[in-house]
Amino acid sequence: HQQKLADQQKEAVVSTQSTGELGVVIGKKMSKVPKAEVMSHVAGYSVTIDVTCRDLQEKCKAERKPWSISKCLDTHCAVGEFIPAEKLKHNDVEMKLTVNGELRQHVNTREMLFDVPTLLEYVNRYITLLPGDLVQTGTPEGVGPMEKGDKVTVSIPGVSEASFTIV
């Protein structure tokens, strides 16, 4: 799976960083669904790359403005192919992220602070999730820089891989 990932090199956006994350694809509407039932609402998963403009984030923080914009620029959520829920154990997923072939992140979802059911229960308590929505799970470690021309690859070894070029 190959895509182009645009680098938002506009005013004050110079420092971009990425993390590989497990994306959870919602299959059935969820609103205030308890933890014991949330997984029955999951259609599947995807590898994702969460991109953050750190300099824009710091600028917004300094100006006491919402810094969520630093994660929401066009192309800042790269998503791989769909993996059906029955093909993946969400609580034990090995993930790797490389930049230009250099390993930058090698993690397992069992190392996350909050497991997938806990995250989904929390999110759907406040936000109604609809079929097709994607919830990124975060990452236990491994934030790293990206630059124009870099090839970023995120994978679940033996299951799915997606590569993106920073343009």
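These numbers come from a predicted model, not from an experiment. (Residues numbered from 1 in each chain as written. Predicted model: local features only at pLDDT ≥ 70, side-chain atom pairs only at ≥ 80, totals over all residues. Heavy atoms only, no water.)

**Here's the deal with the pattern of salt bridges**
The condition is simple: For this document, the term salt bridge refers to a Lys or Arg side-chain nitrogen within 4 Å of an Asp or Glu carboxyl oxygen. Put simply, DSSP H or I for four residues or longer makes a helix, DSSP E for two residues or longer makes a strand, and each gets a number counted from the N terminus. Between buried and exposed lies partly exposed: a residue is buried under 20% and exposed over 50% of the maximum accessible area for its type, with that area taken using a 1.4 Å probe on protein chains only.
Applying the stated criterion across every chain yields a total of four salt bridges. One salt bridge connects E58 with K61, and the closest N-O pair in it is separated by 3.8 Å. Of this pair, E58 and K61 both sit in helix α2 (residues 54-62), separated by three residues, roughly a single helical turn. By relative accessible area, E58 is classed as partly exposed at 45%. Between K65 and E63 there is a salt bridge, with its nearest N and O atoms 3.2 Å apart.

**Quick look at the packing of aromatic side chains**
Rules: Only Phe, Tyr and Trp rings take part, Trp by its six-membered ring, and two of them pair if their centres are within 6.5 Å. Stacked means planes under 30 degrees apart, edge-to-face means over 60, and tilted covers everything else.
Using the criterion set out here, one finds one aromatic pair in the structure. Ring centres of Y122 and Y126 lie 5.2 Å apart, and the angle between their planes is 65°; on these two criteria the pair is classed as edge-to-face. Placement of both Y122 and Y126 in helix α3 (residues 116-126) is noted, with a separation of four residues, approximately one turn of the helix. Accessibility expressed as a relative area gives 49% for Y122, which makes it partly exposed. On the accessibility criterion, Y126 (56% relative accessible area) is exposed.

**Here's the deal with the side chain of T137**
Cut-off, in case you're wondering: Polar contact is the term for a pair of N or O atoms within 3.5 Å; when the atoms are in protein, one must be able to donate a hydrogen and the other to accept it, and sequence-neighboring residues count only if both atoms are side-chain atoms. Residue contacts follow a heavy-atom distance rule, with two residues in contact if any of their heavy atoms lie within 4.5 Å.
The residue T137 is located in the loop between β8 (134-136) and β9 (144-146) in this model. Engagement of the side chain of T137 in a polar contact is seen with the backbone oxygen of L22, the distance being 3.0 Å. What T137 contacts, discounting residues up to four positions off in sequence, is E21, L22, V24, M112, V116 and L119.

**Focus: the layout of surface pockets**
Spelled out, the test is: A cavity, in this analysis, means grid points on a 1 Å lattice covering only the protein atoms where a 1.4 Å probe fits yet has no way out; a pocket is instead an open set bounded by protein on both sides within 12 Å along at least five of seven lines, and a residue lines either one if it has an atom within 4 Å of a point. Grid points are joined across faces, edges and corners, and a volume is the space filled by probe spheres set on the points. Only Asp, Glu, Lys and Arg are considered charged in this grouping, and only Ala, Val, Leu, Ile, Met, Phe, Trp, Tyr, Cys and Pro are considered nonpolar; every other residue, Gly among them, is considered polar.
One number sums up the size of the largest pocket: a volume of about 160 Å³. Looking at the largest pocket, it is lined by ten residues, and the ones nearest its centre are L113, F114, T137, G138 and T139. Considered class by class, the residues forming the lining of the largest pocket number five nonpolar, four polar and one charged.

**Considering the pairing of strand β11 (residues 160-166)**
Under the convention used in this document: Should DSSP find at least two bridges between two strands, the strands are regarded as paired.
Counting buried positions along β11 yields six of seven residues, so the element is predominantly enclosed. Bridge count for strand β10 (residues 151-156) against β11 is six bridges, and the pairing is antiparallel. Bridge pairing in β11 places T153 opposite S163. Taking the residues between adjacent antiparallel strands as the criterion, β10 and β11 are bridged by three residues, where G158 takes a positive phi near 80°.

**Some remarks on α3**
Threshold: This arc is taken over the directions from the axis of the helix to the C-beta atoms.
Residues V116, P117, L120 and N124 constitute the buried set of α3. Relative to the axis of α3, the buried residues are bounded by an arc of 90° and lie together on one face. Its buried side turned inward, α3 meets β2 (16-26), α1 (35-38), β3 (42-53) and β8.

**Some points on α2**
Buried residues of α2: L56, Q57 and C60, and no others. Looking straight down α2, one finds its buried side chains confined to an arc of 105°; they lie on one side. Taken together, the buried residues of α2 touch β3. The positive-phi residue at the C-terminal boundary of α2 is R64, with phi of around 55°.

**Some thoughts on the nonpolar core**
Put simply, the rule is: Among the buried residues, those of types Ala, Val, Leu, Ile, Met, Phe, Trp, Tyr and Cys that are joined through side-chain atoms within 4.5 Å form a nonpolar core.
By size, the foremost hydrophobic cluster in this structure holds 30 residues, and its most contacted members are L22, I49, M95, L120, V154 and I156. Residue assignment for this core shows that the elements contributing at least two residues are β2, β3, β6 (94-99), α3, β10 and β11. For this core, the element with the highest residue contribution is β3, accounting for five residues.

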